[in-house]
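Here's the letter readout for the chains.
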Amino acid sequence: MKKASFVFSDGQLDYKFSDTHPFNQKRLVLTADLLKNIGALPDSAVVRSRMATDEELALIHDERYIEIVKKAGHGEIAPEAAENYGIGTEDTPIFEDMHEASAMLVGGTLTAVDEVMEGRARHALNLGGGLHHGFRGKASGFCVYNDSSVAIRYMQEKYGARVLYIDTDAHHGDGVQWSFYDDPDVCTVSIHETGRYLFPGTGAVTERGSGKGYGFSFNFPIDAFTEDDSFLEIYRTGVREIAEFFKPDVILTQNGADAHYFDPLTHLYSTMKTYREIPKLALELAEEFCGGRWIAVGGGGYDIWRVVPRAWSLIWLTMTGQPLPSGPLPKEWLEKYGPQSPVPLMPDWEDPDPLYEPIPRKAEITEKNRHMMDKALHLIRSEQQRRG
């Protein structure tokens, strides 16, 4: 069994709204090239993504919606009709063959699932996935189909698995949460910037699930300007308590890299320190509770030059047990992509310290986040006290 499989194919690059849209899959190439430059991604580790079938997409998505997406990508639907389904909007514009490109991203996550669940690899990474805003019958927030939701249902039906979904994107993982809001065999965890100022505006602590799923939805809406230490305190404490409570068969992590200070769409102040730690805990919990079964996908991340390649490389290095690098990035990679980048590339794996001016509200933000975490974990802690 391999330590890890890296799922990728050129077809994942076809998911492209426009040349100016912030969602840019060139970040996949930048990351893979960075890993190859340091000798960390041999060809033997790469597994080709496949396209999800209509039947697999229909595990989550309405069949009528799938047909609308197909027609939109072939120029066969009026724009006003498409907007009823969330496509043709400013966030999620129509592009040629959008069904095929979207299904390829979903298929990549399903490929990663099969690699792990069929025992070919302990872990698997599909950076082309992580489109967590897609709904059953509507696109949203750059996401046409929701690969994580499809993959979770697929794991339930094919492998009978209890799934812990951990989302550290700066935006709330709303599409995945609502897909399993009443399901006690799926536990969703989202650590995100509060929706007070950021899309999609959901993800309050009080969103705890419904019916039999009550108590299996966890949200940690952190304050704007949250820095590394507070983010990681919430992540380490909250996610570990939830994993111990839920005892999953497999862990699926969504690894949006948009909580970084450089990200142009969010207001959080993480640095590369956070992205060195996120995969460490995921691996630790997978080994402790799931026999190593860990599937990771990408997600947000809109500074594709300075942030995403470094952050996402660390996931793969952690999965494969390779040392996390420090010091300069490879000269060859910097020389290749430096002229293409609209901003000066970061020369090192770590960010400079300090990266930004001190935040005057740091103590207040940290305390507010702790209070929020205690509220989010109240149900678990109360049950633990009841059991003695």
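Residues numbered from 1 in each chain as written. Predicted model: local features only at pLDDT ≥ 70, side-chain atom pairs only at ≥ 80, totals over all residues. Heavy atoms only, no water.

Novice: So, the environment of Val 69: which residues are in play, and what are the values?
Specialist: Tracing the sequence through the fold places Val 69 in helix 3 (residues 63–73). The residues contacting Val 69, other than those within four sequence positions of it, are Ile 87, Met 98, His 99, Val 144 and Tyr 145. (Helix = DSSP H or I, 4+ residues; strand = E, 2+ residues; numbered from the N terminus. Contact = heavy atoms within 4.5 Å.)

Novice: Please set out the side chain of Asp 303 residue by residue, giving values where relevant.
Specialist: Mapped onto the elements of the fold, Asp 303 is located in the loop between strand 8 (294–297) and helix 10 (308–319). Accessibility expressed as a relative area gives 7% for Asp 303, which makes it buried. (Buried < 20%, exposed > 50% of the residue type's maximum accessible area, 1.4 Å probe, protein only.)

Novice: Can you explain the nonpolar core? Please cite residues and give values.
Specialist: Within soluble globular proteins, side chains that are nonpolar generally end up buried alongside one another. If you look at the biggest cluster of nonpolar residues, it comprises 66 residues, and the most contacted ones within it are Phe 6, Leu 164, Phe 220, Tyr 235, Ile 242, Trp 294 and Trp 316. Ala 103, Val 106, Tyr 145 and Val 297 belong to the second-largest nonpolar core, a separate cluster that totals 50 residues. (Core = buried A, V, L, I, M, F, W, Y, C linked by side-chain atoms within 4.5 Å.)

Novice: An account of unusual backbone geometry is needed here, citing residue identities and associated values.
Specialist: Across the junction of Phe 199 and Pro 200, the peptide omega takes the value 5°, indicating a cis bond. With an omega of 5°, the peptide bond between Asp 353 and Pro 354 qualifies as cis. The phi dihedral of Phe 142 falls on the positive side, at around 75°, and the residue is not glycine. Examined against the element boundaries, Phe 142 turns out to sit in the loop between strand 3 (121–126) and helix 6 (147–159).

Novice: Got a sec to walk through the pattern of salt bridges? Specific residues and values, please.
Specialist: On inspection of all chains with the given rule, the structure shows 29 salt bridges. Asp 114 is the partner of Lys 158 in a salt bridge, and the nearest nitrogen-oxygen pair spans 3.4 Å. Here Lys 158 is found in helix 6, whereas its partner Asp 114 is found in helix 5 (residues 98–117), with 44 residues between them in sequence. Using a relative accessible area of 43% as the deciding quantity, one classes Lys 158 as partly exposed. On the basis of relative accessibility, which here comes to 8%, the residue Asp 114 falls in the buried class. Residue Arg 240 pairs with Glu 284 through a salt bridge whose shortest N-O separation is 2.6 Å. Taken together, the residues Arg 240 in helix 8 (residues 228–246) and Glu 284 in helix 9 (residues 272–289) connect sequence positions 44 residues apart. Here Glu 284 falls in the partly exposed class, since its relative accessible area comes to 41%. (Salt bridge = Lys/Arg side-chain N within 4 Å of Asp/Glu carboxyl O.)

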